[in-house]
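An overview of the molecular structure
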Amino acid sequence: MLQVAQIQFAPRLGDLDYNLKRVAELLKQAAAADLVVIPELANSGYNFTGRSHALELASGVGKSDFTEMLRETSRRQNQYIVSGFLESEDEELFNTSLLFSPGGSIEKYRKIHLFLNEKDIFSKGNLGLPVFEVNGFKMGMLICFDYLFPEVWRIMALKGADLIAHPSNLVTYKAFKVVPAQATINRIFIFTTNRTGADRGLSFSGRSFAVDPEGEIIGEASVSDEEVLLTTIDPVLARNKMLTERNHVLNDRFPEDYRELL
Ligand code: ACM
């Protein structure tokens, strides 16, 4: 079994110090969880005035007080932590999701599908769609708007992902239509952790949620409260890929009939 904590909170745009302290406080309430999922761009907020604003706030993964706090908490609380992070590398910016393991390693996924003005700020993710080991299970990461591209979910499922952590800064409820469908057709668990509050007039929609391989919503947070949503799952259920007694979600595909995709 795996206990998952989703930390829904309202980052303050540009206030790195406040965001670090608030996440550290909420992590105490998630101390018993095996895996914690924190929203997209949790250290910085989202709605930057432009690229130079984001560049001022960004840092490399090993050079940030925020990532140091998460690394130390992961070790101390003996848990995996996934968090959105505003990452710079040389002069490039990435909208990144980090995975901290209790043993000290830090893994990365960089958002591939950039939403609206993100295209003026970030480089497209360049690390592909990796899948990582979490307590003997396999986990992938996607970030917010990535969810509208069905190929990425399928690729993760084909790589054996049992669960997907999905740090988000959603502004609509469309994910409630798409994410449970992706859980159903890939038979995986998905943890969409959203933020609340507003950045420069842009409001975020809250309602972080967890979905099981049947596509059922097994946990949901409120629209606007900061909260730690706890769910306990048996990830082994994601290894049963049978839709009916004769239909396997992956093996019943016909890739030769899908050539037009490429
Ligand atoms: C989004 O990708 N943050 C909507």
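Up top is the structure these notes are about.
Fair warning: this is a prediction, and the values are worked out from it, not measured in the lab. (Residues numbered from 1 in each chain as written. Predicted model: local features only at pLDDT ≥ 70, side-chain atom pairs only at ≥ 80, totals over all residues. Heavy atoms only, no water.)

A separate point is a nonpolar patch on the surface. Together, Phe254, Tyr258, Leu261 and Leu262 line one region of the surface with nonpolar side chains, adding up to about 520 Å² of accessible area. Residue position: Leu261 is located in the segment after strand S16 (247-248). (Patch = residues over 30% accessible without salt bridge, like charges linked within 9 Å, V, L, I, M, F, W, Y side chains within 5 Å. Areas by Shrake-Rupley, 256 points an atom, 1.4 Å probe, with all protein chains shown as cover. Salt bridge = Lys/Arg side-chain N within 4 Å of Asp/Glu carboxyl O. Helix = DSSP H or I, 4+ residues; strand = E, 2+ residues; numbered from the N terminus.)

The next point concerns the nonpolar core. Membership of the largest hydrophobic core comes to 41 residues, with the highest contact counts inside it found for Leu35, Met139 and Trp153. It is helix H6 (residues 175-186) that contributes the most residues to this core, 5 residues altogether. Discounting chain neighbours no more than four positions away, the residues touching Leu35 are Leu2, Gln3, Val4, Ala5, Tyr80, Val82, Met139 and Leu163. With 21 residues, the next largest nonpolar core counts Ala5, Val23, Leu26 and Leu70 among its residues. (Core = buried A, V, L, I, M, F, W, Y, C linked by side-chain atoms within 4.5 Å. Buried < 20%, exposed > 50% of the residue type's maximum accessible area, 1.4 Å probe, protein only. Contact = heavy atoms within 4.5 Å.)

Overall, the coordinates contain 15 salt bridges when judged by the stated rule. With its nearest N and O atoms 2.9 Å apart, the salt bridge here joins Lys111 to Glu40. Remark: Glu40 occurs in the loop between strand S2 (35-37) and helix H2 (51-57) and Lys111 occurs in the loop between strand S5 (106-110) and helix H4 (118-121); sequence separation between them is 71 residues. For Lys111, a relative accessible area of 1% corresponds to the buried category. On the basis of relative accessible area, Glu40 is assigned to the buried category, the value being 1%. A salt bridge links Arg195 to Asp199, with the shortest nitrogen-to-oxygen separation between them at 3.2 Å. Asp199 carries the same exposure label as Arg195, and that label is buried. When salt bridges with common partners are traced through the structure, they connect Glu87, Glu89, Lys108 and Arg110 into a single cluster.

So, on to the sheet that holds strand S3 (residues 80-89). In sheet architecture, strand pairing relies on hydrogen bonds along the backbone and comes in two forms, parallel and antiparallel. Strand order in the open sheet formed by 6 strands is S5-S4-S3-S2-S1-S14, with mixed pairing between adjacent strands. Across the chains shown, the open sheet's two edge strands, defined by having one partner strand only, are S5 and strand S14 (227-233). Averaged over all pairs of adjacent strands, the angle between their axes in this sheet comes to 30°, without regard to strand direction. Sheet strands touched by helix H3 (residues 65-76): S3, strand S4 (92-100) and S5. Its angle to S3, the strand with the most contacts, is close to 160°. (Pairing = 2+ DSSP bridges. Axes fitted to C-alpha atoms, helices over the stretch in contact; angles between N-to-C directions.)

A word on the environment of Ala30. You can see Ala30 is positioned in the loop between helix H1 (16-28) and S2. Sequence separation between Ala30 and Ala42 is 12 residues, and the spatial gap between their C-alpha atoms is 16 Å. Non-local contacts of Ala30, meaning those with residues more than four positions away in its chain, are made with Ala5, Ile7, Val36, Gln77, Gln79 and Val228.

In an α-helix, one turn spans 3.6 residues, which is why side chains three or four residues apart end up on the same side. Inspection of helix H5 (residues 150-158) places Val152, Trp153, Met156 and Ala157 among the buried residues, and these make up the whole buried set. Across the axial projection of H5, the buried residues extend over an arc of 135°, all falling on one side. Where H5 is buried, its residues touch strand S6 (131-134), strand S7 (137-141), strand S8 (163-167), H6 and strand S9 (189-193). One or two steps after H5, the chain reaches Gly160, where phi turns positive at roughly 95°. (Arc of directions from axis to C-beta.)

Judged by pairing direction, the sheet is mixed, and its 6 strands sit side by side in the order S6-S7-S8-S9-S12-S13 without closing on themselves. What marks the edges here is a single partner per strand, and that holds for S6 and strand S13 (217-220). If you compare each strand with its neighbour and ignore which way they point, the axes differ by 20° on average. Bridge count for strand S12 (residues 209-211) against S13 is 3 bridges, and the pairing is antiparallel. For Ala210, the partnering residue across the bridge sits in S13 and is Gly219. Packed on one face of the sheet, H5 meets S6, S7, S8 and S9 and runs near 145° to S8. Running over the sheet, H6 touches S8, S9, S12 and S13 and is turned about 30° from S12.

The next thing to look at is the pairing of strand S1 (residues 2-8). Among the 7 residues of S1, 6 are classified as buried, and the element is accordingly described as predominantly covered. Direction of pairing for S1 relative to S14: antiparallel, over a ladder of 7 bridges. Directly across from Ala5, in S14, lies its bridge partner Leu230. Pairing between S1 and S2: 3 bridges, direction parallel. Opposite Gln6, over in S2, you have Val37 as the bridge partner. For the crossover from S1 across H1 to S2, the handedness is right-handed. (Right-handed = clockwise from strand over helix to strand, strands pointing away.)

Helix length check: H1 (13 residues) gives 19 Å between terminal C-alpha atoms against 18 Å at 1.5 Å per residue, within 8%. For H1, the full list of buried residues reads Asn19, Leu20, Arg22, Val23, Leu26 and Leu27. (Expected span 1.5 Å × (residues − 1).)

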